[in-house]
Amino acid sequence: MAEQSGAKTVPDKPFLTDVKTLRERARRHIENGAITEGYSADRDTVVKLLNEALATEIICVLRYKRHFFMATGINAESVAAEFLQHANEEQGHADLIAQRIVQLGGEPNFSPEGLATRSHAEYVEGDTLIDMIREDLVAERIAIDSYREMITYVANDDPTTRRMLEGILAMEEEHADDLVSLLETIGT
Ligand SMILES: [Fe+2]
Ligand SMILES: [Fe+2]
């Protein structure tokens, strides 16, 4: 940043709350744990979005598991290994999301009732190995778009949730990439 004739181009702006206020605020509502008065996101909406993401991840675990056990044919072994790895990674995402929901004072919804409706991605079994890979790719693409939208929504109001979502998004993009490679390898 250029300085003009010794003058500061950026004016001093007090963006930090003073220590006394910070300490006083922290003592109020300590039952809210990690959620302080400075939390500026709409907590109910964030929890609702995270519960939809949780449902999506659970559906993805179930679909990848089904595909893992049902993969047959000449290319089945390497493809099944990929399905299993994705299933385990989606389970990891589900766990991270559930943990964050609790930190935000919400309750993770693991109810099988309405699970497929809450989920953004679909549970499609697929008849052939190619069908399975295609359906998984569609689901990953849905997840990628919905995580991207959630990240935009959360923006700077909840950096911890945003960072988590960004990490998950990066992995969904890797998953989609893996599936495209599989389609190319075994022929479409
Ligand atoms: Fe995931
Ligand atoms: Fe994924």
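As shown above, the structure is provided for reference.
Description of the structure in this document. Each chain has its residues counted from 1, following the order in which its sequence is written. Here chains are named by letter from A upward and ligands by number from 1 upward, in the order in which they appear as written. Given that the model is predicted, a residue must reach a pLDDT of at least 70 before its local features are reported, and side-chain atom pairs must reach 80 or more before they are shown or counted; all residues, however, enter totals for whole chains, interfaces and linings. Excluding hydrogens and water, the side-chain values take into account all heavy atoms of the structure.

### What to know about the coordination of the iron ion (ligand 2)
Here the term donor refers to an N, O or S atom within 2.8 Å of the metal (or 3.2 Å for Na, K and Ca), and because water is left out of the atoms, sites may appear incomplete. Distances from the iron ion (ligand 2) to its protein donors, Glu-90 (OE), Glu-140 (OE), Glu-140 (OE), Glu-172 (OE) and His-175 (ND1), fall within 2.0 to 2.3 Å. Every donor residue of the iron ion (ligand 2) comes from the same chain, spaced as E-x49-E-x31-E-x2-H. If you look at the iron ion (ligand 2) and the iron ion (ligand 1), they sit 3.9 Å from each other and are both ligated by Glu-90. Linking Glu-90 in helix H3 (residues 76-103) with His-175 in helix H6 (residues 159-186), this pair joins segments that are 85 residues apart in sequence. His-175 matches Glu-90 in its accessibility class, with the two residues each being buried. Segments assigned H or I by DSSP are reported as helices when at least four residues long, segments assigned E as strands when at least two residues long, and all are numbered from the N terminus. Three exposure classes are used, based on accessible area relative to the maximum for each residue type with a 1.4 Å probe and protein chains only: buried under 20%, partly exposed in between, and exposed over 50%.

### A closer look at the pattern of salt bridges
The term salt bridge refers to a pairing of a side-chain nitrogen on Lys or Arg with a carboxyl oxygen on Asp or Glu at a separation within 4 Å. Evaluation of the coordinates by the stated rule reveals 9 salt bridges. The residue Asp-158 makes a salt bridge to Arg-100 at a minimum N-O spacing of 3.0 Å. With Asp-158 in the loop between helix H5 (129-154) and H6 and Arg-100 in helix H3, this pair connects stretches of sequence that are 58 residues apart. Glu-166 serves as the salt-bridge partner of Arg-162, at 3.4 Å between the closest nitrogen and oxygen. Within this pair, Arg-162 and its partner Glu-166 are both found in helix H6, separated by 4 residues, close to a single helical turn. What you see here is one network of salt bridges that share partners, running through Asp-145, Arg-148 and Glu-173.

### Considerations on the packing of helix H2 (residues 43-70) against H5
The axes are straight lines fitted to the C-alpha atoms, using for helices just the contacting stretch, and the angles between their N-to-C directions are given from 0 to 180°. Orientation of H2 relative to H5, taken along the N-to-C sense of each, is 165°, at an axis distance of 11 Å. Of the possible angle classes, the one that applies to H2 and H5 is roughly antiparallel. In the packing of H2 onto H5, the handedness of the crossing is left-handed. Touching Thr-45, Val-46, Leu-49, Ala-53, Glu-57, Arg-63, Tyr-64, His-67 and Met-70 of H2 are Met-132, Glu-135, Asp-136, Ala-139, Glu-140, Tyr-147, Met-150 and Tyr-153, all from H5. Looking at the contact of H2 with H5, its residues break down into 10 nonpolar, 2 polar and 5 charged. Here is the rule for angles: anything less than 35 degrees is roughly parallel, anything more than 145 is roughly antiparallel, 65 through 115 is roughly perpendicular, and the remaining ranges are oblique. Left-handed describes a crossing whose near helix is turned anticlockwise from the far helix by less than a right angle; the clockwise case is right-handed. By definition in these notes, contact holds between two residues if any of their heavy atoms fall within 4.5 Å. Gly counts as polar in this scheme, as do all residues outside two lists: the nonpolar Ala, Val, Leu, Ile, Met, Phe, Trp, Tyr, Cys and Pro, and the charged Asp, Glu, Lys and Arg.

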